[in-house]
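Overview (structure and organization)
Residues per chain are reported as follows:
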Amino acid sequence: MSRIENFTPNPQVAYAWIVFATFLWGLSVVISRGVHDVIPPLGMSFWRWSIGLVVLLPLVWRELGEKWPLVKQHAKMLVLMGFLQVGSSTVMLLAVNFTTAVNATIMNAALPVVTIVPAWLITRDRVTLGQSIGIVAALLGIFVMAAQGQWQMLASMDFNLGDIFAFLAVVGWSLYGALLHRLPTELGLATTLFYIILAGSILLVPFYIAETIMFKAVPASMLTIVVVMVLGIFVSVGSILIWNACIRAIGPNRTSIFINLVPIFGIVLAIIFLGESLYFYHLAGGGMVFMGILLVIYSTQRRKRRNKQFDQQMG
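1. Overview of the overall build of the protein
In terms of regular secondary structure, the protein is built from 16 helices and 0 strands. Among the 315 residues that make up the protein, the fraction classed as buried is 48%. Partitioning the contacts of the protein with sequence separation of at least 6, the portion at a separation of at least 24 is 89%. Summed over all atoms, the accessible surface of the protein reaches about 15700 Å², with 70% contributed by carbon and sulfur.

Encoded structure:
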């Protein structure tokens, strides 16, 4: 347990782990899209996170009692983080019922840029002109993809419901990333994740029951078992633990850049396994998103250099 909680890979190993984590995220969208007409989204989300809890419990059960006073102290924040993490993943599962895996994974590329907005609202850190231009460019890119390059659709705001859900999921994850640092590090990686998943899963229960009664129950089949096991073990637990450990190893700024690999993996896998197509508006919108990200990164690095030079001069 202590090895997991304190796992901090060296930079070279961290980069390899991050690439693997983004591959898993791209794969999860493709899998979800591939089985969307068989396994209902809320049920799939509930069971994948439940599997995550089962996997984590043997690792953290000794810590649960010891850290309970700290958990009670930060209970509201843990519930909020559970709502954002589990809720956002559930909304993304809803999204792939209405849009393609290509669109859904490209939306993920906006996460590094979208994260700046809630981070600014929370920390009141000044947003530079370059960052503002980057944010606007990325958001325009998302609109281009959501409107499928048809400007009359953009003007009438007649977007695909799945693309709207995918964007809402990205917004939820951006809030999650901006607030995560408010939880105490003393809770540990695995223990924090356990309580976040537990809180989010409890909040999901009534919606899962309503879906089962009013729409469709999760089928008891080998396909269901394989899908929820893969998503629960490798994506819900494994990829998030890897991501958090790599943030600790190389920092959030360099780590977040690798989010841009998610749409690349997602597009390739969707074309190979789902037979989806890549259109010009995907390239145009994705290009605007990447341009926005580069502007944000460049502006942030430039600002840091200027602040460092100022501190050196004052020192």
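Moving on from the coordinates now.
2. Points about a nonpolar patch on the surface
A contiguous nonpolar surface patch, about 590 Å² in accessible area, is contributed by Val-205, Ile-209, Ile-213, Met-214 and Phe-215. Along the chain, Phe-215 turns up in the loop between helix H12 (189–214) and helix H13 (222–250). On the accessibility criterion, Phe-215 (63% relative accessible area) is exposed.

3. A few points about the side chain of Glu-211
Of note, Glu-211 is situated in helix H12. Buried within the structure, Glu-211 lacks any salt-bridge partner; its nearest side chain of opposite charge belongs to Lys-216, at an N-O separation of 9.3 Å. Once residues lying within four places of it in the same chain are set aside, the contact partners of Glu-211 are Pro-40, Pro-41, Leu-42, Gly-43 and Lys-216.

4. A word on the nonpolar core
Of all hydrophobic cores here, the largest spans 50 residues; its most connected members are Met-44, Leu-56, Leu-78, Met-81, Phe-194 and Leu-241. Taken together, the elements giving at least two residues each to this core come down to helix H2 (11–34), helix H3 (41–66), helix H5 (75–95), helix H11 (161–179), H12 and H13. Take this core: its biggest share by element is 11 residues, from H13. With residues up to four places along the chain from it excluded, the contact list for Met-81 reads Tyr-176, Leu-179, Leu-180, Leu-183 and Ile-196.

5. A few points about the packing of H5 against H11
Axes are the key here: two packed helices are described by the angle between their axes and the distance separating the axes. Where H5 meets H11, the axes come as close as 8 Å, and the angle between the chain directions of the two elements is 160 degrees. As far as their axial angle goes, H11 and H5 are roughly antiparallel. Both H5 and H11 take part in a crossing whose hand is left-handed. Listed contacts from H11 to Leu-80, Met-81, Leu-84, Gln-85, Ser-88, Ser-89, Val-91, Met-92, Leu-94 and Ala-95 of H5 are Gly-162, Phe-165, Ala-166, Leu-168, Ala-169, Gly-172, Trp-173, Leu-175, Tyr-176 and Leu-179. In the contact of H5 with H11, the residues fall into 15 nonpolar, 5 polar and no charged.

How each quantity is defined
- Residues numbered from 1 in each chain as written.
- Predicted model: local features only at pLDDT ≥ 70, side-chain atom pairs only at ≥ 80, totals over all residues.
- Heavy atoms only, no water.
- Helix = DSSP H or I, 4+ residues; strand = E, 2+ residues; numbered from the N terminus.
- Buried < 20%, exposed > 50% of the residue type's maximum accessible area, 1.4 Å probe, protein only.
- Contact = heavy atoms within 4.5 Å.
- Areas by Shrake-Rupley, 256 points an atom, 1.4 Å probe, with all protein chains shown as cover.
- Patch = residues over 30% accessible without salt bridge, like charges linked within 9 Å, V, L, I, M, F, W, Y side chains within 5 Å.
- Salt bridge = Lys/Arg side-chain N within 4 Å of Asp/Glu carboxyl O.
- Lys, Arg positive; Asp, Glu negative; His and termini not counted.
- Core = buried A, V, L, I, M, F, W, Y, C linked by side-chain atoms within 4.5 Å.
- Axes fitted to C-alpha atoms, helices over the stretch in contact; angles between N-to-C directions.
- Parallel < 35°, antiparallel > 145°, perpendicular 65-115°, else oblique.
- Left-handed = near helix turned anticlockwise from the far one by under 90°.
- Nonpolar A, V, L, I, M, F, W, Y, C, P; charged D, E, K, R; others polar.

The quantities given are spatial measurements derived from coordinates; they are silent on function.
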